[in-house]
Amino acid sequence: EVLRPLVREMDEEEKMRQSVLDGLFECGFMGMEIPEEFGGSSLNFTSACLVVEELSRVDPSVSIIVDIHNTLTNNAVQFWGSAALKQKWLPRLASDTISSFALSEAGSGSDAFAMKTVAELSPDASYYTLNGTKLWISNAKEAGVFLLFANANPSAGYKGITAFMIDAQCPGITIGPPEKKLGLRASSTCPVTLENVKVGKEDVLGEVGMGYKYCINILNEGRIGIAAQQVGIAKGCLDAAMPYMEERKQFGTSIGDFQGMQHQYAQIATEIRAAELLTYDACRRKESGISFIKEASMAKLYASQVAERTASKCIEWLGGVGFTRDMPVEKFYRDCKVGSIYEGTSNIQLQTIAKMVKKEYEN
């Protein structure tokens, strides 16, 4: 109950409390899959998704910080970082440094590899100079490090895209004002401008020119985290609506006892369970080392649909009070909408699913 009393204020102020961020580190939520030798908890991917889900039942603005940090940045450093890069960042990522995933730009949303941010290698090949602007960057205001993608060889097209771990204090980085968003208001989403930012070659994550592959692979995992967030939102809506429907009486009967209402929440509960099973089946497949790309897309697609449908129905069930800020469901309704947009739109998920289903029948 530490977080719940702060949710409404943070949403109204559009600002994350430092005490909440500190608490995430203190609880071990920011280094769940990081090995204990680096100060992490050595938990598995499913555990991280469960934490994201549970936080989302209270405040999705908080859960998205945890999700991006764990499923994208932390895992990317573990998968492809050099020994030196792991030693430099993993202890900090587990203890006190929030990360941000900087991929999108004005002209590269779903077409992520159309990015214009460039990284020019110095004459002595000891550092890169980065120039460009990233947009819609979550956690940007709080971040101490950016996992940022730039093209180190534009003539090679997307095969020049390279991943960098960049200290947020590097000269030349400017964080713009947070976007005024419909939902997830306490989570900062800002433009990030790089003007002649010098980054040592040792800060390249993995191999030069392999950033596009890393990006695809890590976002496939990240989509499962977003699905977990959407499942948590849907459950949070029921957490608010079901007790109210028991307490609220009309015509001498709890409104939740009317058959018309029972059929509605039975349907929603079934859909939430289906979204949950899709999500954790994708987790299971990922941890088992078998293909999970299709399942991750299915989980994100369906969970985002269920969250939006659940939030909408719960507002209706709550009646007039559901339309006010006295209940948390209107916030969940605003928060869930981005689930069909970020880390791959619903149309992109459908395209991925269709491609893989077609391939299954061709083989």
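Here, every reference points to the structure presented above.
The sections below set out a description of the structure shown in this document. (Residues numbered from 1 in each chain as written. Predicted model: local features only at pLDDT ≥ 70, side-chain atom pairs only at ≥ 80, totals over all residues. Heavy atoms only, no water.)

## Remarks on the overall build of the chain
- If you tally the helices and strands in the chain, you get 10 helices and 10 strands.
- In terms of overall dimensions, the chain has C-alpha extents of about 80 × 55 × 40 Å along its principal axes.
- Burial statistics for the chain: of 363 residues in total, 54% are counted as buried.
- Once local pairs closer than 6 in sequence are excluded, the contacts in the chain between residues at least 24 apart make up 73%.
- Carbon and sulfur atoms make up 54% of the accessible area of the chain, which totals about 16100 Å².
- Seen as two clouds, the 37 positive and the 45 negative side-chain charges of the chain have centres 5 Å apart. (Helix = DSSP H or I, 4+ residues; strand = E, 2+ residues; numbered from the N terminus. Buried < 20%, exposed > 50% of the residue type's maximum accessible area, 1.4 Å probe, protein only. Contact = heavy atoms within 4.5 Å. Areas by Shrake-Rupley, 256 points an atom, 1.4 Å probe, with all protein chains shown as cover. Lys, Arg positive; Asp, Glu negative; His and termini not counted. Charge placed at Lys NZ, Arg CZ, Asp CG, Glu CD.)

## As for the packing of helix α3 (residues 45-56) against helix α4 (residues 60-80)
- Taken N-terminus to C-terminus, the directions of α3 and α4 make an angle of 165°; their axes are 7 Å apart at the nearest point. It follows that α3 is roughly antiparallel to α4 by the angle criterion. Pair α3 / α4 crosses with left-handed handedness. For the pair α3 and α4, contact is made by F45, V51, V52, L55 and S56 and by P60, V62, S63, V66, D67, T71 and N75, respectively.
- Here the contact of α3 with α4 is composed, by residue class, of 7 nonpolar, 4 polar and 1 charged. (Axes fitted to C-alpha atoms, helices over the stretch in contact; angles between N-to-C directions. Parallel < 35°, antiparallel > 145°, perpendicular 65-115°, else oblique. Left-handed = near helix turned anticlockwise from the far one by under 90°. Nonpolar A, V, L, I, M, F, W, Y, C, P; charged D, E, K, R; others polar.)

## Examining the packing of helix α7 (residues 259-288) against helix α8 (residues 293-318)
- Contact geometry of α7 with α8 gives a least axis separation of 9 Å together with a crossing angle of 155°. One element, α7, and the other, α8, form an angle in the roughly antiparallel class. For the pair α7 and α8, the sense of crossing is left-handed.
- Looking at the contact of α7 with α8 residue by residue, the classes come out as 15 nonpolar, 3 polar and 6 charged.

## Some points on the pattern of salt bridges
- All chains considered together, the criterion is met by 27 salt bridges.
- A salt bridge links D281 to R284; its shortest N-O distance comes to 2.5 Å. Here the residue D281 and the residue R284 both occupy positions in helix α7, the gap between them amounting to 3 residues, near one helical turn. (Salt bridge = Lys/Arg side-chain N within 4 Å of Asp/Glu carboxyl O.)

## Description of α7
- A rise of 1.5 Å per residue sets the reference length of α7, with its 30 residues, at 44 Å; its end C-alpha atoms lie 43 Å apart and thus fit the reference within 8%.
- Just downstream of α7 lies G289, where phi reads positive at about 80°. (Expected span 1.5 Å × (residues − 1).)

## Considering unusual backbone geometry
- In this structure, L184 takes a positive phi of about 45° despite not being glycine.
- One can find L184 in the loop between β6 (173-175) and β7 (189-200).
- The backbone phi angle of N196 is positive, close to 55°, even though this residue is not glycine.
- Considering the arrangement of structural elements, one finds N196 in strand β7.

## What about the environment of I353?
- Mapped onto the elements, I353 comes out in helix α10 (residues 346-362).
- Residues I353 and E316 lie 37 residues apart in sequence; the distance between their C-alpha atoms is 32 Å.
- Excluding residues that lie within four positions of it along the chain, I353 makes contacts with K294, S297, M298 and L301.

## A word on the packing of aromatic side chains
- Taken as a whole and judged by the stated rule, the model has 8 aromatic pairs.
- Taking 5.3 Å as the distance between ring centres and 65° as the angle between the ring planes, the aromatic pair formed by F101 and F149 counts as edge-to-face. Of this pair, F101 sits in strand β1 (residues 99-102) while F149 sits in strand β4 (residues 145-151); the two residues are 48 residues apart in sequence, bridging distant segments of the chain. F149 matches F101 in its accessibility class, with the two residues each being buried.
- Between F113 and Y212 the ring centres are 6.2 Å apart and the planes differ by 85°, which places this aromatic pair in the edge-to-face class. Residue F113 is located in the loop between β1 and β2 (118-121), and its partner Y212 is located in helix α6 (residues 211-247); the two are separated by 99 residues in the primary sequence.
- Note on F113: relative accessible area 27%, which makes it partly exposed.
- Grouping aromatic residues by their ring pairs yields a cluster made of F79, W80 and Y214. (Phe/Tyr/Trp six-rings, centres within 6.5 Å; stacked < 30°, edge-to-face > 60°.)

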